[in-house]
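What follows is each chain in one-letter form.
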Amino acid sequence: MKTRIKELRARYDMTQEDLANKVGVRRETIGFLEKGKYNPSLKLAYKIAITLETTIDEIFIFDESDLK
């Protein structure tokens, strides 16, 4: 899974810590998400999308190998 979190955070001049505080996780979690090393729960993905004023589909990019 790839994400656009870092790119979208930059749009709001938001640090990993800023985003983490807004969605209720640790900064490390945002770092792992940005590196594709962690798959978020649907609830967390939704919170991130709301915070970054976009959709889950715009943030998280899956290819077929992610679904196997």
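Quantities reported herein were computed from a predicted structural model and do not represent experimental measurements.

**Focus on the pattern of salt bridges**
Considering all chains together, one arrives at five salt bridges under this definition. Residue R9 pairs with E34 through a salt bridge whose shortest N-O separation is 2.5 Å. Taken as a pair, R9 in helix α1 (residues 5-11) and E34 in helix α3 (residues 27-34) lie far apart in primary sequence, 25 residues in all. Of the residues examined, R9 reaches a relative accessible area of 9% and is grouped as buried. A salt bridge links E28 to R26, with the nearest nitrogen and oxygen atoms 3.4 Å apart. Judged by its relative accessible area of 31%, E28 falls in the partly exposed class. Under the relative-accessibility criterion, R26 is labelled exposed at 58%. Within the structure, one salt-bridge network assembled from shared partners comprises R4, E7 and E58.

**Comments concerning the environment of I50**
One can find I50 in helix α4 (residues 42-51). Taking relative accessible area as the criterion, I50 reaches 51% and is therefore assigned exposed. Residues I50 and V23, 27 residues apart in the sequence, show an inter-C-alpha distance of 9.3 Å.

**Quick word on the UniProt feature "domain: HTH cro/C1-type" (unreviewed entry) in the chain**
When the UniProt feature table is mapped onto this chain, "domain: HTH cro/C1-type" (unreviewed entry) is found at residues 5-59. The span residues 5-59 is 67% helical and 0% strand by assignment, and the distance between its end C-alpha atoms comes to 6 Å.

**Quick look at the nonpolar core**
Counting residues in each nonpolar core, the largest one holds 16 residues, and the members touching the most others are I5, I48, I59 and F60. Each residue touching F60, except ones within four places of it in the same chain, is listed here: M1, K2, T3, I5, L33, P40, A45 and I48.

**Section: unusual backbone geometry**
A positive phi is found at D13, a non-glycine position, where the angle reads about 50 degrees. Within the fold, D13 resides in the loop between α1 and α2 (16-23). A relative accessible area of 69% places D13 in the exposed class. One non-glycine residue with positive phi stands out, namely E53, at about 55 degrees. Mapping E53 onto the fold places it in the loop between α4 and α5 (56-59).

Basis of the calculations
Residues numbered from 1 in each chain as written. Predicted model: local features only at pLDDT ≥ 70, side-chain atom pairs only at ≥ 80, totals over all residues. Heavy atoms only, no water. Salt bridge = Lys/Arg side-chain N within 4 Å of Asp/Glu carboxyl O. Helix = DSSP H or I, 4+ residues; strand = E, 2+ residues; numbered from the N terminus. Buried < 20%, exposed > 50% of the residue type's maximum accessible area, 1.4 Å probe, protein only. UniProt positions renumbered as here; feature names shortened; annotations may be inferred. Core = buried A, V, L, I, M, F, W, Y, C linked by side-chain atoms within 4.5 Å. Contact = heavy atoms within 4.5 Å.

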